[in-house]
Amino acid sequence: MIYEIGPKVYYKNQDPVLGKAFYKLFEVADENHAAIYGQDPDNNDRPARNQIQNFVGITIDKNKLTAVSYEIDQNKNKAKPYIIDQFGIIKK
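Now for a look at the structure at hand.

### Structural notes on the sheet that holds strand S5 (residues 82-90)
Next up, step 1: Overall, antiparallel pairing links the 3 strands, which are arranged S3-S4-S5 in an open sheet. Of all the strands in the sheet, just strand S3 (52-61) and S5 have a single pairing partner and so form its edges. Strand after strand, the sheet turns through a mean of 15° between neighbouring axes, direction not considered.
Next up, step 2: In the sheet, strand S4 (residues 64-73) pairs with S5 via 8 bridges, with the strands oriented antiparallel.

Here it is as structure tokens:
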């Protein structure tokens, strides 16, 4: 397998085929967080890269899986990770 690693930032798809009805299927369908920093100087089709990174930490402890989603914003929190969402699943 080949994995591509690096900052992936794209604007929310505005294709009329999707339309607002598609995004209404989701509880949250925000624009990419990096969009607040403007366009990528190398590609107007995406937000500025290297401003915001996201990653998820997953732990398994006996019958519980926990996922914590973090964000690193180069302009907030001294560029240190902060939690943006988390959830757990308990196996019975």
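Back to the write-up after that little detour.
### Brief notes about the layout of surface pockets
Next up, step 1: Put simply, the largest pocket is a space of about 320 Å³.
Next up, step 2: What lines the largest pocket is a set of 15 residues, and nearest its centre among them are Asn32, His33, Asn54, Glu71 and Ile84.

### Regarding a nonpolar patch on the surface
Next up, step 1: Side chains of Phe22, Leu25 and Phe26 sit close together on the surface and give an oily, nonpolar patch of about 310 Å² of accessible area.
Next up, step 2: Within the secondary structure, Phe22 is located in helix H1 (residues 19-23).
Next up, step 3: With relative accessibility at 32%, the residue Phe22 sits in the partly exposed group.

### Things to note about unusual backbone geometry
Next up, step 1: Unlike most non-glycine residues, Asn50 shows phi in positive territory, near 70°.
Next up, step 2: Checked against the element boundaries, Asn50 lands in the loop between strand S2 (43-47) and S3.
Next up, step 3: You will see that Asn77, though not glycine, has its phi angle at about 50°, which is positive.
Next up, step 4: In this fold, Asn77 is placed in the loop between S4 and S5.

Calculation rules
- Each chain has its residues counted from 1, following the order in which its sequence is written.
- In keeping with the predicted nature of the model, local features appear solely for residues at pLDDT of at least 70, side-chain atom pairs appear and are counted solely at 80 or more, and the whole-chain, interface and lining totals rest on all residues.
- Side-chain numbers here rest on the full set of heavy atoms in the structure, without hydrogens or water.
- Any two strands with at least two DSSP bridges between them are considered paired.
- The helix and strand labels rest on DSSP assignments: H or I over at least four residues marks a helix, E over at least two residues marks a strand, and numbering proceeds from the N terminus.
- In this analysis, axes come from line fits to C-alpha atoms, helices being fitted only over the stretch in contact, and the angle between any two N-to-C directions falls in the range 0 to 180 degrees.
- Of the two site types, the cavity is a set of points on a 1 Å grid over the protein atoms alone where a 1.4 Å probe fits but cannot get out, and the pocket is an open set with protein on both sides within 12 Å along at least five of seven lines, each lined by residues with an atom within 4 Å of a point.
- Grid points are joined across faces, edges and corners, and a volume is the space filled by probe spheres set on the points.
- Distance thresholds for patches are 9 Å for like charges and 5 Å for nonpolar side chains (Val, Leu, Ile, Met, Phe, Trp, Tyr), applied to residues having over 30% relative accessible area and no salt bridge.
- Under the convention used here, a 1.4 Å probe and the Shrake-Rupley method define accessible areas, while residue burial counts only the protein chains that appear.
- Salt bridges are defined by distance alone: a side-chain nitrogen of Lys or Arg within 4 Å of a carboxyl oxygen of Asp or Glu.
- Burial status follows relative accessibility: with a 1.4 Å probe on protein chains alone, a residue under 20% of its type maximum counts as buried, one over 50% as exposed, and anything between as partly exposed.

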